[in-house]
Amino acid sequence: IFIVSESETPKAEGHLTVKVSPNPSANEFRFVVSTGSRLPVHVKVIDEYGRATEAKNDVPVGAAFTMGGKLIAGIYYAEFIQVQESVTLKLIKQNR
């Protein structure tokens, strides 16, 4: 499991990678997932206490999608899971 504070996970050929922008954000977070596999990717957003706040199954690979528009200000973690590979990004939600 990778926990990444930056806006992009480390690039490894054929592995699950995720880009997020903007981070920090006062509105939504925009994600782009890439992977060398055709298997589905799932994402869940959890707060700093480990509570799930949002989730999506079968997120689009290679296309942008957004999450987090209804989150209040705070620190969150977006966990992307594809079979036995996962990537976790730290998200910072700011006041509007």
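A short tour of the structure in this document, coming up. Treat the numbers as computed from the prediction; the structure is a model and nothing was measured.

Let's talk about the nonpolar core
- Counting residues in each nonpolar core, the largest one holds 19 residues, and the members touching the most others are Phe31, Val33, Phe65 and Phe80.
- Every element with two or more residues in this core is listed here: strand E2 (17-21), strand E3 (29-34), strand E4 (42-47), strand E6 (64-67), strand E7 (74-82) and strand E8 (85-93).
- Those residues in contact with Phe31, other than ones at most four positions away along the chain, are Val18, Lys19, Val20, Ala63, Ala64, Phe65, Met67, Ala78, Phe80, Leu89 and Leu91.

Thoughts on the packing of aromatic side chains
- The final tally for this structure, using the stated rule, is three aromatic pairs.
- Among the aromatic side chains, those forming a connected cluster through ring pairs are Phe29, Phe31, Phe65 and Phe80.

Brief notes about the sheet that holds E6
- The three strands lie next to each other as E2-E3-E6, forming an open sheet whose pairing is antiparallel. The sheet is open, and its two borders are formed by E2 and E6, each paired with just one other strand. Taken pair by pair, the neighbouring strands of this sheet meet at an average axis angle of 30°, ignoring direction.
- Bridge analysis of E2 against E3 gives five bridges, and the strand direction is antiparallel. Within E3, the position partnered with Val18 by the bridge is Val33.

Observations concerning the side chain of Glu79
- Note that Glu79 resides in strand E7.
- Relative accessible area serves as the criterion here: at 17%, Glu79 is assigned to the buried category.
- In this structure Glu79 touches His42, Val43, Lys44, Ser86, Val87 and Thr88, once residues within four positions along its chain are discounted.

Considerations on the pairing of strand E5 (residues 52-56)
- Where E4 lies against E5, four bridges are found, and the strand directions are antiparallel. By the bridge assignment for E5, Ile46 is matched with Ala52.
- Linking two consecutive strands that pair antiparallel, namely E4 and E5, is a turn of four residues; a positive phi of about 90° is found at Gly50 within it.

Structural notes on the pattern of salt bridges
- Per the stated rule, a full pass over the model turns up two salt bridges.
- A salt bridge links Glu79 to Lys44; its shortest N-O distance comes to 3.8 Å. With a gap of 35 residues between them, Glu79 in strand E7 and Lys44 in strand E4 connect regions that are remote in the sequence.
- Given the relative accessible area of 35%, Lys44 is considered partly exposed.
- Close ionic contact of Arg51 with Asp47 constitutes a salt bridge, the shortest N to O distance being 2.7 Å.
- Since its relative accessible area comes to 10%, Asp47 is described here as buried.

Cut-offs applied
- Residues numbered from 1 in each chain as written.
- Predicted model: local features only at pLDDT ≥ 70, side-chain atom pairs only at ≥ 80, totals over all residues.
- Heavy atoms only, no water.
- Core = buried A, V, L, I, M, F, W, Y, C linked by side-chain atoms within 4.5 Å.
- Buried < 20%, exposed > 50% of the residue type's maximum accessible area, 1.4 Å probe, protein only.
- Helix = DSSP H or I, 4+ residues; strand = E, 2+ residues; numbered from the N terminus.
- Contact = heavy atoms within 4.5 Å.
- Phe/Tyr/Trp six-rings, centres within 6.5 Å; stacked < 30°, edge-to-face > 60°.
- Pairing = 2+ DSSP bridges.
- Axes fitted to C-alpha atoms, helices over the stretch in contact; angles between N-to-C directions.
- Salt bridge = Lys/Arg side-chain N within 4 Å of Asp/Glu carboxyl O.

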